[in-house]
Amino acid sequence: MSVNQSPTQAPAEERKKVSVRLIQAMKARREPISMLTAYDYPTALIMDQASIDIILVGDSLGMVVLGYDSTLPVTMDDMIHHCKAVARGAQYALLVGDMPFLSYQVSTTEAVRNAGRFLQEAGMNAIKLEGGSERAETIREIVHAGIPVMGHLGLTPQSVHKLGGFRPQGRDAETAFKLLEDALILQEAGCFSLVLESIPGRLARLVSERLAIPTIGIGAGAGCDGQVLVTPDLLGLFERFTPKFVKRYASLAGEMRQAFSQYKTEVKANTFPNAEHTVEMSDEEWHSLEQRLGKTNPSFIVHDEAVR
Ligand code: KIV
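Residues numbered from 1 in each chain as written. Predicted model: local features only at pLDDT ≥ 70, side-chain atom pairs only at ≥ 80, totals over all residues. Heavy atoms only, no water.

Asks: Would you take a moment to explain the nonpolar core for this structure?
Replies: A general feature of soluble globular proteins is that nonpolar side chains tend to end up buried together. Counting residues in each nonpolar core, the largest one holds 73 residues, and the members touching the most others are Ile-54, Ile-55, Ile-127, Ile-142 and Leu-196. With six residues, helix 8 (residues 173–189) is the single largest residue contributor to this core. The contacts of Leu-196, once residues within four sequence positions are left out, are Leu-153, Leu-179, Ala-204, Val-207, Ser-208, Thr-215, Ile-216, Gly-217, Ile-218, Ala-220 and Cys-224. (Core = buried A, V, L, I, M, F, W, Y, C linked by side-chain atoms within 4.5 Å. Buried < 20%, exposed > 50% of the residue type's maximum accessible area, 1.4 Å probe, protein only. Helix = DSSP H or I, 4+ residues; strand = E, 2+ residues; numbered from the N terminus. Contact = heavy atoms within 4.5 Å.)

Listed below in structure tokens is the structure:
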């Protein structure tokens with residue numbers, strides 16, 4: 001027993017790093033899983049302080065941080081750069097790196113190598129990729145290499161052109177059946193978990209009940225084993241558009257605009273910085289400097305004149 005512990009006190013539970021096994025155990029004990037996206041160090045740090053279970057460095061990076069119209073232009077190097085920053089900020093959450101467009105579709109060998117970079121270079125614990133049965137072989141090989149894989153079905157933004165836009169999926173019996181089939185195939189291929197994006201709530205509940213692995217929903221209702229949101233949407237930071245399923249928990253864009261415009265006003269009015277925000281030197285050092293300046297130093301005088 002430690003000296004600070006009273007005899008009746010249980011030892012404070014040590015906070016553990018979230019693992020893939022823990023995420024799966026959470027499904028077994030029906031504990032909802034919280035997941036959010038992050039792309040930078042300070043956000044990851046704060047998320048870890050809020051005990052978010054999984055941090056996804058999503059390729060939504062392309063739209064909400066880099067300003068593209070879709071996720072398609074995002075590269076492996078973009079992802080690695082942002083994953084590294086997130087890994088420096090979060091030490092407890094399970095860290096999942098999203099494989100960008102064309103990093104896993106060209107060949108299985110390339111897919112395994114790129115997936116490996118997320119763990120080897122970027123400090124991630126797992127990767128996520130989009131697609132159904134057509135990805136089963138790739139997923140098997142990545143898992144074979146010892147890399148945990150999270151699948152992603154429903155609205156898969158990397159297929160936006162094939163899907164005809166960012167629209168809900170699985171709304172008719174045939175596509176709903178195919179989605180359930182794909183989910184079972186991804187589980188069989190070795191995925192430890194599955195994102196279900198923008199599908200009907202009752203379909204998501206059915207898939208979640210049929211699978212042993214946890215589902216994480218976004219725009220898929222409350223029947224999933226966990227939930228994920230794109231953080232700039234949740235924070236009210238990304239205003240270009242807001243999907244129907246997003247709940248805003250803050251209005252940061254408004255707060256930032258207000259802060260920037262107040263800063264500008266104060267700079268223009270010379271009210272910032274004031275004494276409180278200024279470093280000063282002692283009177284003694286200041287007088288000493290004045291004395292030195294007083295001992296005519298031609299270069300100072302010439303420079304002073306030039307400024308005037
Ligand atoms: O890229 C992303 O942020 C995602 C989430 C929407 C799950 O894939």
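Let's pick the thread back up.
Asks: What am I meant to see in the packing of aromatic side chains here?
Replies: Pairs of aromatic rings are described using the distance from one ring centre to the other and the angle between the two planes. According to the stated counting rule, one finds two aromatic pairs in the structure shown. Ring plane angle 85 degrees and centroid distance 5.6 Å describe the contact between Phe-238 and Phe-241, whose orientation is recorded as edge-to-face. On the accessibility criterion, Phe-238 (9% relative accessible area) is buried. Take Phe-241: its relative accessible area is 38%, and that puts it in the partly exposed class. (Phe/Tyr/Trp six-rings, centres within 6.5 Å; stacked < 30°, edge-to-face > 60°.)

Asks: I would appreciate a short explanation of the sheet that holds strand 6 (residues 193–197) in the present structure.
Replies: Pairing between sheet strands relies on hydrogen bonds along the backbone, with the strands arranged either parallel or antiparallel. On the basis of which strands lie adjacent, the closed barrel formed by eight strands has the order 1-2-3-4-5-6-7-8 and parallel pairing. Each strand axis lies, on average, 25 degrees off the axis of its neighbour in the sheet, ignoring direction. Note: strand 5 (residues 149–154) against strand 6, five bridges, orientation parallel. Of the residues in strand 6, the one forming a bridge with Met-150 is Ser-193. Its contacts with the sheet put helix 8 on strand 5 and strand 6, and the angle it makes with strand 5 is roughly 175 degrees. (Pairing = 2+ DSSP bridges. Axes fitted to C-alpha atoms, helices over the stretch in contact; angles between N-to-C directions.)

Asks: Is there a simple way to think about the site of the ligand in this case?
Replies: The immediate surroundings of the ligand are formed by Thr-37, Leu-56, Gly-58, Asp-59, Ser-60, Asp-98, Lys-128, His-152, Val-195, Glu-197, Ile-218 and Val-230. Here an oxygen atom of the ligand sits 3.0 Å away from a polar atom, N or O, in the side chain of Asp-59. Class assignment for the residues of the shell around the ligand results in four nonpolar, four polar and four charged. (Near = heavy atom within 4 Å. Polar contact = N/O pair within 3.5 Å; in protein donor to acceptor, adjacent residues only side chain to side chain. Nonpolar A, V, L, I, M, F, W, Y, C, P; charged D, E, K, R; others polar.)

Asks: Looking at this structure, how should I read the pattern of salt bridges?
Replies: When the charged atoms of two side chains with opposite charge come close together, those side chains can pair. By the definition in use, this model includes 11 salt bridges. Between Lys-27 and Asp-225 there is a salt bridge whose closest N-O contact spans 2.8 Å. Of the two residues, Lys-27 sits in helix 1 (residues 20–28) while Asp-225 sits in the loop between strand 7 (215–218) and strand 8 (226–229), which places them 198 residues apart along the sequence. No difference in accessibility class separates Lys-27 from Asp-225, as the two residues are buried. Lys-178 is the salt-bridge partner of Asp-182, the closest N and O atoms lying 2.9 Å from each other. Of the two residues, Asp-182 and Lys-178 are both situated in helix 8; the distance of four residues between them amounts to about one turn of the helix. Residue classification places Asp-182 among the buried residues on the basis of a relative accessible area of 8%. The network of salt bridges with common partners includes Asp-77, Arg-117 and Glu-121. (Salt bridge = Lys/Arg side-chain N within 4 Å of Asp/Glu carboxyl O.)

Asks: Please clarify how the side chain of Gln-158 should be interpreted in this entry.
Replies: Along the chain, the position of Gln-158 falls in the loop between strand 5 and helix 7 (160–163). With relative accessibility at 7%, the residue Gln-158 sits in the buried group. Engagement of the side chain of Gln-158 in a polar contact is seen with the side chain of Asp-59, the distance being 2.7 Å. Only 3.3 Å separates the side chain of Gln-158 from the side chain of Gln-105, close enough to count as a polar contact. Among all residues touching Gln-158, those that are not within four sequence positions of it are Asp-59, Thr-71, Leu-72, Met-99, Pro-100, Phe-101, Tyr-104, Gln-105 and Glu-130.

Asks: Sorry, what's going on with a nonpolar patch on the surface here?
Replies: Together, Met-281, Trp-286, Leu-289 and Leu-293 make up an exposed nonpolar region whose accessible area comes to about 350 Å². When you line up the elements, Met-281 lands in the loop between helix 11 (252–268) and helix 12 (283–294). (Patch = residues over 30% accessible without salt bridge, like charges linked within 9 Å, V, L, I, M, F, W, Y side chains within 5 Å. Areas by Shrake-Rupley, 256 points an atom, 1.4 Å probe, with all protein chains shown as cover.)

Spatial relationships are all this shows, so hold off on functional conclusions.
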